Amino acid sequence: MQLSGKERIVIKVGSALLVDRASGLKEDWLNSLCDDIGKLVEGGTQVLLVSSGAIALGRNVLKLPNRPLKLDESQAAAAVGQIELGRAWSQALSEKSLVAGQILLTLNDTEGGAGRRTYLNARDTIERLLELNAIPVVNENDSIATSEIRYGDNDRLAARVATMMNADLLILLSDIDGLYTAPPNDNPDAKLIPVVGNITPEIESMAGSAGSELSRGGMVTKIEAAKIATRAGTDMIITSGTRNHPISALQNGEASTLFKALPTSGGARKKWIAGQLQTAGEVILDDGAATALQTGKSLLPAGVTSISGNFARGDVVTLKTKTGFILGQGLIGYDAEEADLIKGANSTDLESLLGYAGRPALIHRDDMALNPSHN
Ligand code: GLU
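Residues numbered from 1 in each chain as written. Predicted model: local features only at pLDDT ≥ 70, side-chain atom pairs only at ≥ 80, totals over all residues. Heavy atoms only, no water.

**Q** Whenever I open this one, the overall build of the protein chain confuses me. Can you help?
**A** Secondary structure assignment for the protein chain yields 13 helices and 15 strands. In terms of overall dimensions, the protein chain has C-alpha extents of about 65 × 40 × 40 Å along its principal axes. Per-residue burial over the protein chain gives 50% buried out of 375 residues. In the protein chain, the share of contacts with a sequence separation of at least 24, taken over all contacts with a separation of at least 6, comes to 72%. Only carbon and sulfur atoms are counted for the fraction: they give 49% of the accessible area of the protein chain, which is about 16900 Å². On the protein chain, the mean spot of the 36 positive side-chain charges and the mean spot of the 44 negative ones are 2 Å from each other. (Helix = DSSP H or I, 4+ residues; strand = E, 2+ residues; numbered from the N terminus. Buried < 20%, exposed > 50% of the residue type's maximum accessible area, 1.4 Å probe, protein only. Contact = heavy atoms within 4.5 Å. Areas by Shrake-Rupley, 256 points an atom, 1.4 Å probe, with all protein chains shown as cover. Lys, Arg positive; Asp, Glu negative; His and termini not counted. Charge placed at Lys NZ, Arg CZ, Asp CG, Glu CD.)

Rendered as structure tokens:
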């Protein structure tokens, strides 16, 4: 499997790989993975990590009993374990001269709906970390997530992070090397499927429930993750992380299953934006900006002639030309007052107008759904 040339890769690390029930953190393994990550980064690839292990580490530290934990016990274990987990990544990455930045998310933060303001913040912060050459280390905010805003498994969380950040590839490092025609533990004849082009009901039925003691996500959540990733145009690989240097091993041809990205026409998120019937305001663009949007550019304040409506950052607004032609809709990156303040301004003047270094785009290109005649 060739990984060179990929611009952005998300690697998901399962608890069972990182933490041993008896002896705790598997440092040798962690260091070998960080070695692989260092090589990817040297080759020009941006790497994001989604790491499980907080609950597993915390339950060791707290010496919790050897039985399934109750929700509040897991949340307490995560509170203790997340500190250990962050420190482990930070130390191991620093040995490769890399800096780790911790991001804890809940379900809402990765969706375009109710939590779209924190979604924008999460995405912008992760984007900025990557620009600063730091490695985002993401986990679910297990200690505060209630059941309604909880993923509970990092396979789907990783898929959301990968699609939110427009990654080319998501790699799920697991304790199994891919998808088999049947759960391999019970079926000696089960065969590994190297490539899945389409997740059919037949593929789904192969998942069974291959889980392990320490990780919540069995094959079922991995297939769910594959659906999220591939529908949004991100390839996904399942491979075994049980050996040292798991990414080099993958590059050298170790077994894996590749779920191929489906062709997208803007993806589910853009459909969601386009589908909002009520918008909170209007942004009128000059001709230059209207043309720039059609070539896939973000909307900069400089291209805006006027603004109306009492919207907040993250609300959906209508984009119009000066002659009143509706170009499409987008999630606006600023509250109405600030947007009004910076309309027409050059990017270099944003800081003096706002009093802080604002984000360059009024509406990011990924947050825009243009009408068909303007796509
Ligand atoms: N967020 C959980 C943890 O860090 C892991 C969830 C999972 O196993 O997928 O312990």
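**Q** Looking at this model, I keep getting lost on the pairing of strand 13 (residues 316–321). Mind explaining?
**A** Each regular strand displays side chains that alternate between the two surfaces of the sheet. Among the six residues of strand 13, six are classified as buried, and the element is accordingly described as predominantly covered. As judged from the four bridges shared by strand 11 (residues 281–285) and strand 13, these two strands associate in the parallel manner. The residue of strand 13 that forms the bridge with Leu-285 is Thr-321. Bridging between strand 13 and strand 14 (residues 326–331) involves five bridges; their strand directions are antiparallel. In the strand pairing of strand 14, Val-317 is matched with Gly-330. Connecting strand 13 to the antiparallel partner strand 14 that follows it, the hairpin turn spans four residues, and Gly-324 within it adopts a positive phi of roughly 90 degrees. (Pairing = 2+ DSSP bridges.)

**Q** What's the story with the site of the ligand in this structure? I'm lost.
**A** Near the ligand lie 11 residues; those nearest to it are Ala-54, Ile-55, Asn-139, Asp-142 and Asn-154. For the ligand, an oxygen atom lies 3.0 Å from a polar atom in the backbone of Ala-54. Interatomic distance of 2.8 Å between a side-chain N/O atom of Asn-139 and an oxygen atom of the ligand. Coverage of the ligand by the protein chains reaches 97% of its 300 Å² of free accessible surface. For the shell around the ligand, the residue count by class is two nonpolar, six polar and three charged. (Near = heavy atom within 4 Å. Polar contact = N/O pair within 3.5 Å; in protein donor to acceptor, adjacent residues only side chain to side chain. Nonpolar A, V, L, I, M, F, W, Y, C, P; charged D, E, K, R; others polar.)

**Q** Is there a simple way to explain the pattern of salt bridges in this structure?
**A** Where side chains of opposite charge bring their charged atoms close, a pairing between them can arise. All chains considered together, the criterion is met by 18 salt bridges. Where Asp-153 meets Arg-156, a salt bridge forms, and the shortest distance between an N and an O atom there is 2.8 Å. In this structure Asp-153 comes out as buried when scored by relative accessible area, which is 6%. When salt bridges with common partners are traced through the structure, they connect Arg-123, Asp-124, Arg-313, Arg-359 and Asp-367 into a single cluster. (Salt bridge = Lys/Arg side-chain N within 4 Å of Asp/Glu carboxyl O.)

**Q** Please clarify how the packing of helix 6 (residues 154–164) against helix 8 (residues 219–231) should be interpreted in this entry.
**A** If you want to describe how two helices pack, look at the angle between their axes and the distance between the axes. Packing of helix 6 against helix 8 leaves a shortest axis separation of 8 Å and a crossing angle of 10 degrees. Here helix 8 runs roughly parallel to helix 6, going by the angle between their axes. For the pair helix 6 and helix 8, contact is made by Asp-155, Arg-156, Ala-159, Arg-160 and Thr-163 and by Thr-221, Lys-222, Glu-224, Ala-225, Ile-228 and Ala-229, respectively. (Axes fitted to C-alpha atoms, helices over the stretch in contact; angles between N-to-C directions. Parallel < 35°, antiparallel > 145°, perpendicular 65-115°, else oblique.)

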